[in-house]
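# Structural overview
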Amino acid sequence: MLDQNGNHSRAAAGEGPIVEVRGLSFARGSRIIFNHVDIDIPRGKVTAIMGPSGSGKTTLLKLIGAQLKPDAGRVSVDGVDVHRLPRDEVFEMRKRMGMLFQSGALLTDLDVFENVAFPLREHTRLPGSMIRTLVLMKLEAVGLRGARKLMPRELSGGMARRVALARAIALDPMMIMYDEPFSGQDPISMGILVQLIRQLNDALGLTSIVVSHDVAETASIADYMYVISDGKIVGHGTPDEMGRAESKWVRQFMQGLPDGPVPFHYPGAGYIDDLLASEEP
Amino acid sequence: MIELLRYLGRWGLGVFQRLGRGHIFVLYVLAGIPGLLFRFRLVVAQMWAVGVLSLLIIVVSGVFVGMVLGLQGYNTLVDFGAEESLGVAVAKALTRELGPVISALLFAGRAGSALTAEIGLMKATEQLDGMEMMAVDPLRRVVAPRFLAGVLSMPLLATMFTAIGVVGGYFVGVGLLGVDDGAFWSQMQSKVELRDDIINGVLVKSFVFGIVVTWIAVFEGYDAVPTSEGVSAATTRTVVNSSLAVLGLDFVLTALMFNQ
Ligand SMILES: Nc1ncnc2c1ncn2[C@@H]1O[C@H](COP(=O)(O)OP(=O)(O)OP(=O)(O)O)[C@@H](O)[C@H]1O
Ligand SMILES: [Mg+2]
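Each chain carries its own residue numbering, running from 1 in the written order of its sequence. All chains are assigned letters beginning at A, and all ligands numbers beginning at 1, according to the order in which they are written. The model is predicted, so local features are restricted to residues of pLDDT at least 70 and side-chain atom pairs to those at 80 or more, both for listing and for counting; the totals for chains, interfaces and linings are taken over all residues. Only heavy atoms go into the side-chain values, all of them from the structure, while hydrogens and water stay out.

Glancing now at the coordination of the magnesium ion (ligand 2). Here a donor is an N, O or S atom found within 2.8 Å of the metal, or within 3.2 Å if the metal is Na, K or Ca; sites may look incomplete because water is not among the atoms. In the first shell of the magnesium ion (ligand 2), the protein supplies T58(A) (OG1) and Q102(A) (OE1), at 1.9 to 2.6 Å from the metal. In this pair, T58(A) sits in helix α2 (residues 57–64) while Q102(A) sits in the loop between β6 (97–100) and α4 (112–123), placing the two residues 44 residues apart along the sequence. The secondary structure listing takes helices from DSSP runs of H or I that are at least 4 residues long and strands from runs of E that are at least 2 residues long, numbered from the N terminus.

And the structure:
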């Protein structure tokens, strides 16, 4: 407490929530995507962020990774406000966050092995034999050691996502953000991914943020859930609590009702007016 | 009327914003170049893609342009009985103008468009975003090596084009039309100057064109709208804009360099 700054930041790092979102607002043009949102991501847990398509889940992950800047509010990761950091410190911070993109985002000119080795080659000076061992360990963890010579175009969507997962854990990050890990997967690879996320989280002592709209799968691994809709948090709690929640929004989302407080339609002019207008204005 | 003004205003603003972004962009890229000296393999790999793979079209075009010059030059000179000077005529035309300009236009079509498409697609498939999240700066890792490779390759390609062009002119003039072999080379040797023709003509011009074409190509790719239409529009813009820039700059450079 004597040396305020030093003590304070040391106290903040290592305890308390790993990600703290406070009063976050963000708009794309005139479309408000977040409106004063508060989120806490606890350490060592799997936290799910759920919401309908287009509700800004990917945007939220990009805000946490400091790829986008909020219009208001702050995001601190491990006690530091990521949007106040200079560029090179943002990069240092990102080495400790893995992110799994919705598309996998593998480098298409490198094979599976080199994709996983990429962050190691960029950020460490390890000798080749050590890199090889590390890469094989990460690939073994996702069950794709045998596929290391394949190019990204030769992988199925599910395999690509597992390679991306191996790459995301290559630098042993403190947390991983998964963007829609389950969408477009068959039930088997969905099951594999669900297990992998849980196992990696527990075995490596990570913190995981899973962004998804697959309610059942996500509820089965999440320790805590947030539901966002219309730029606000409409509910949060453990999966059990969420299943019993009173809120109309949460109920609609958890039970998959087609219409309710979350509209099925993108906002626009009235349907009848639209049909009666003779031409596109 | 107001609509038109508003449209013009918005268009102008857009143009200047893009210009501004392009300049900030190139500063970041230049800042990434010193770091490449320690990782020159990245540049070499790109010189293969950008330079070596452009060789075929450069060589073939060089031969034909040289042959046409030989034929045209002969037809004109022979009326004055000056066909001995064919070597000089071919060499001067190639070193000062056609060598750097045509090879830059070919380079824009062959390598520039490929660079734009590659970088644009990497953006559209989130590879650049993914790199950023792995704490790797795509400007340094992806754009800077390609930029440097383009800038280094262009003078080499232009030199190659010019040399091959002279051989093409020789083949037509001496081989087919019977110009004296010795006169062809000796006149060329005494009239082509190192500073004006080789350094200023071939090397400086093609170096400037290399910078401009590669800059436009990597910027268009990096700035592309990340969709298929966006990338294809960006590729077209690269070829059109860099060709116009090359022709415009060539006029300026010629005026500056060869003004007695
Ligand atoms: N680059 C962009 N420019 C303008 N608007 C964008 C851009 N990216 C996203 N948006 C808008 O931001 C909103 C949120 O997008 P986001 O990708 O975060 O949604 P999401 O929750 O991840 O959806 P999904 O579940 O379909 O992936 C969408 O309404 C979209 O229209
Ligand atoms: Mg998304």
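In this assembly, 15 residues from chain B lie in contact with 22 residues from chain A. Joining two parts hides part of their accessible area as seen by a 1.4 Å probe, and the buried area is that hidden amount summed over both. When chain B packs against chain A, close to 1800 Å² is buried across both sides, 56% of that on carbon and sulfur atoms. Salt bridges, as used here, are contacts in which a Lys or Arg side-chain nitrogen is within 4 Å of a carboxyl oxygen on Asp or Glu. Taken together, the connections running from chain B to chain A amount to four salt bridges. Here R39(B) and E122(A) are joined by a salt bridge, their closest N and O atoms 3.0 Å apart. Here a polar contact is recorded for every N or O atom pair within 3.5 Å, except that within protein the pair must consist of a potential hydrogen donor and a potential acceptor, and residues adjacent in sequence are included only if both atoms are side-chain atoms. Our enumeration of links across chain B and chain A arrives at eleven residue pairs in polar contact (both at pLDDT 80 or more). Split into classes, the residues belonging to the side of chain B that touches chain A amount to six nonpolar, three polar and six charged. Contacts were defined at the residue level, with two residues in contact if any of their heavy atoms lie within 4.5 Å. In this classification, Asp, Glu, Lys and Arg are treated as charged, Ala, Val, Leu, Ile, Met, Phe, Trp, Tyr, Cys and Pro as nonpolar, and every other residue, Gly included, as polar.

Tallied over the full model, the rule gives 28 salt bridges over all chains. Measuring nitrogen to oxygen at the nearest pair gives 3.6 Å for the salt bridge that ties K57(A) to E180(A). With K57(A) in helix α2 and E180(A) in the loop between β7 (175–179) and α7 (187–203), this pair connects stretches of sequence that are 123 residues apart. Exposure classes here rest on a 1.4 Å probe applied to the protein chains alone. A residue is buried below 20% of its type maximum, exposed above 50%, and partly exposed in between. On the accessibility criterion, K57(A) (5% relative accessible area) is buried. Under the relative-accessibility criterion, E180(A) is labelled buried at 3%. Here D197(B) and R96(B) are joined by a salt bridge, their closest N and O atoms 2.6 Å apart. Of this pair, D197(B) sits in helix α8 (residues 194–223) while R96(B) sits in helix α4 (residues 86–124), and the two are 101 residues apart along the sequence. When its relative accessible area of 0% is taken as the criterion, D197(B) is described as buried. One network of salt bridges, with partners in common, ties together R18(B), R21(B), E220(B), D223(B) and R237(B).

Take the sheet that holds strand β9 (residues 224–229) of chain A next. Residue and element names in this part refer to chain A. One bridge is not enough; two strands pair if DSSP finds at least two bridges between them. Across the sheet, six strands lie side by side as β6-β7-β8-β3-β9-β10; this open sheet has mixed pairing. Edge positions in the sheet fall to β6 and β10 (232–237), since each of these pairs with one other strand and no more. Geometrically, the sheet is characterised by an average inter-axis angle of 15° between neighbouring strands, direction not taken into account. With five bridges joining them, β7 and strand β8 (residues 207–212) adopt parallel strand pairing. Considered in β8, the bridge of D179 is made with V211. Docked against the sheet, helix α6 (residues 157–168) engages β6 and β7, running at close to 170° with respect to β6. Every angle, taken between N-to-C directions, lies between 0 and 180 degrees, and every axis is a line fitted to C-alpha atoms, over only the stretch in contact when it is a helix.

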